[in-house]
Amino acid sequence: MTTDNIHLTQAAKDLLSEPDVLRVRAIQARRWIFYPRAKQALDRLNLLVDHPRGTRMPSVAIYGDSGMGKTMILEKFCDNNPSCFDPTTGVQAIPVLAIEMTGKPGERRLYAEILAALGAPQAPRADIVHMEQAALRLLKTVGVQVLVIDEIHNILAGSYREQRVVLNTLRFLSNRLQISLVCFGVIEAREAISGDVQLARRFGELTLNRWAANEQFEALVSSILRNLPLRRPTVLTPKSLRRILQISGGITANIFHAITSLAADSIESGTEHITDEAVESWCPPVSAETAYA
């Protein structure tokens with residue numbers, strides 16, 4: 001055991017005195033871990049919040065396979081820009097509003113999602129014009145600066161006409177309210193957004209590619225290890241790193257799962273660090289193997 005545990009973040013150090021069962025629970029808990037690629041994405045999104053209001057607001061589309069960390073980045077972005085009470089206006093200010101493009105897309109469904117996220121759901125048979133007016137009024141009142149749309153690729157579930165209607169509506173909201181748009185989705189989402197050329201031109205793209213054997217991957221693994229409350233430092237060989245990359249398929253969520261599972265095993269076995277032998281012999285559960293494939 002090291003004398004000052006310099007291999008850990010302060011939060012991980014604080015957990016070292018906890019019982020093993022609590023340390024394992026902390027390791028398995030869902031949490032945010034900073035790593036360079038995620039920081040790059042957040043930095044780009046934060047620029048939108050601070051961008052001066054005007055016509056043709058810049059927007060960002062973040063693409064990646066399922067499990068590449070899009071949802072974690074979305075949640076962290078929203079957490080960094082929480083709603084707060086504005087004593088000047090007497091209303092709750094919401095700088096970033098997130099919705100999900102679910103089911104069959106359409107103008108009514110889009111406005112319904114926005115109004116529900118604002119805490120103002122409408123009657124099922126509400127007139128579309130009234131829904132539009134209510135959404136515009138509330139979005140302006142609470143000061144939304146960035147509208148985040150998750151699962152944007154679900155637009156493709158609709159007909160060509162329905163896709164165009166949704167995209168036109170998003171462009172209308174951006175123009176009328178002078179807000180930026182952020183879209184998250186799988187790679188096919190690029191096809192969805194490109195259906196409206198004028199809208200697509202406003203989007204800067206960021207693709208979360210699967211991890212490869214390089215310095216970025218090593219930095220990711222290092223970041224994860226520093227956040228695990230293990231009493232001994234873990235030093236993995238290049239062979240072990242390649243093994244983790246192989247069994248995870250380069251998917252961020254699978255990499256996290258593999259390393260945290262190995263860390264939990266090391267606490268239960270008393271080794272208190274991840275060994276190369278443990279990495280070599282570790283296999284994901286049967287249910288996870290299907291997902292990895």
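What you see is a predicted model, and the numbers here were worked out from it, not measured in a lab. (Residues numbered from 1 in each chain as written. Predicted model: local features only at pLDDT ≥ 70, side-chain atom pairs only at ≥ 80, totals over all residues. Heavy atoms only, no water.)

Caption draft 1: The arrangement of the sheet that holds strand 5 (residues 146-150) in detail. The strand order 4-5-6-1-7 describes an open sheet built from five strands, whose pairing is parallel. Looking at which strands have only one partner, the edges of the open sheet turn out to be strand 4 (96-100) and strand 7 (203-208). Shown here is a sheet whose adjacent strand axes are inclined to one another by a mean of 15°, direction ignored. Sheet strands in contact with helix 5 (residues 107-117) are strand 4 and strand 5, and its direction is about 130° off that of strand 4. (Pairing = 2+ DSSP bridges. Helix = DSSP H or I, 4+ residues; strand = E, 2+ residues; numbered from the N terminus. Axes fitted to C-alpha atoms, helices over the stretch in contact; angles between N-to-C directions. Contact = heavy atoms within 4.5 Å.)

Caption draft 2: Representation of the side chain of S248 in the model. Mapped onto the fold, S248 is located in helix 11 (residues 238-248). Since its relative accessible area comes to 0%, S248 is described here as buried. A polar side-chain atom of S248 sits 3.2 Å from the main-chain carbonyl oxygen of L245. (Buried < 20%, exposed > 50% of the residue type's maximum accessible area, 1.4 Å probe, protein only. Polar contact = N/O pair within 3.5 Å; in protein donor to acceptor, adjacent residues only side chain to side chain.)

Caption draft 3: Molecular detail of the nonpolar core. Within the largest apolar cluster, 49 residues are counted, with the highest numbers of intra-cluster contacts made by L45, I259 and I274. Those residues in contact with L45 that lie beyond four places of it in its chain are V60, I62, I73, F77, V182 and F184. (Core = buried A, V, L, I, M, F, W, Y, C linked by side-chain atoms within 4.5 Å.)

Caption draft 4: Up close: the layout of surface pockets. Here the largest pocket defines a volume of roughly 610 Å³. Taken together, 28 residues line the largest pocket, and the ones lying closest to its centre are R30, G69, M72, A253 and F256. Every element with two or more residues in the lining of the largest pocket is listed here: helix 2 (20-28), helix 4 (70-80) and helix 12 (252-269). Per element, the largest residue contribution to the lining of the largest pocket is seven residues, and it comes from helix 12. Partitioned by chemical class, the residues of the lining of the largest pocket number twelve nonpolar, ten polar and six charged. One number sums up the size of the second largest pocket: a volume of about 210 Å³. As for the second largest pocket, its lining consists of 14 residues, and the residues nearest its centre are V221, S222, L225, R226 and T234. Among the elements that line the lining of the second largest pocket, the one with the most residues is helix 10 (residues 215-226), at five residues. Broken down by class, the residue content of the lining of the second largest pocket amounts to eight nonpolar, three polar and three charged. (1 Å grid on protein atoms, 1.4 Å probe; cavity = no way out; pocket = protein on both sides within 12 Å on 5 of 7 lines; lining within 4 Å. Points joined across faces, edges and corners; volume = space filled by probe spheres on them. Nonpolar A, V, L, I, M, F, W, Y, C, P; charged D, E, K, R; others polar.)

Caption draft 5: Fine view of the environment of P284. Take P284: it is sitting in the loop between helix 13 (276-281) and helix 14 (286-292). Separated by 144 residues in the primary sequence, P284 and K140 have C-alpha atoms spaced 48 Å apart.

Caption draft 6: The arrangement of the UniProt feature "domain: AAA+ ATPase" (unreviewed entry) in the protein in detail. Using the residue numbers shown here, the UniProt feature "domain: AAA+ ATPase" (unreviewed entry) corresponds to residues 56-194. Within the segment residues 56-194, helix and strand shares are 42% and 20% respectively, and the terminal C-alpha atoms sit 16 Å apart. (UniProt positions renumbered as here; feature names shortened; annotations may be inferred.)

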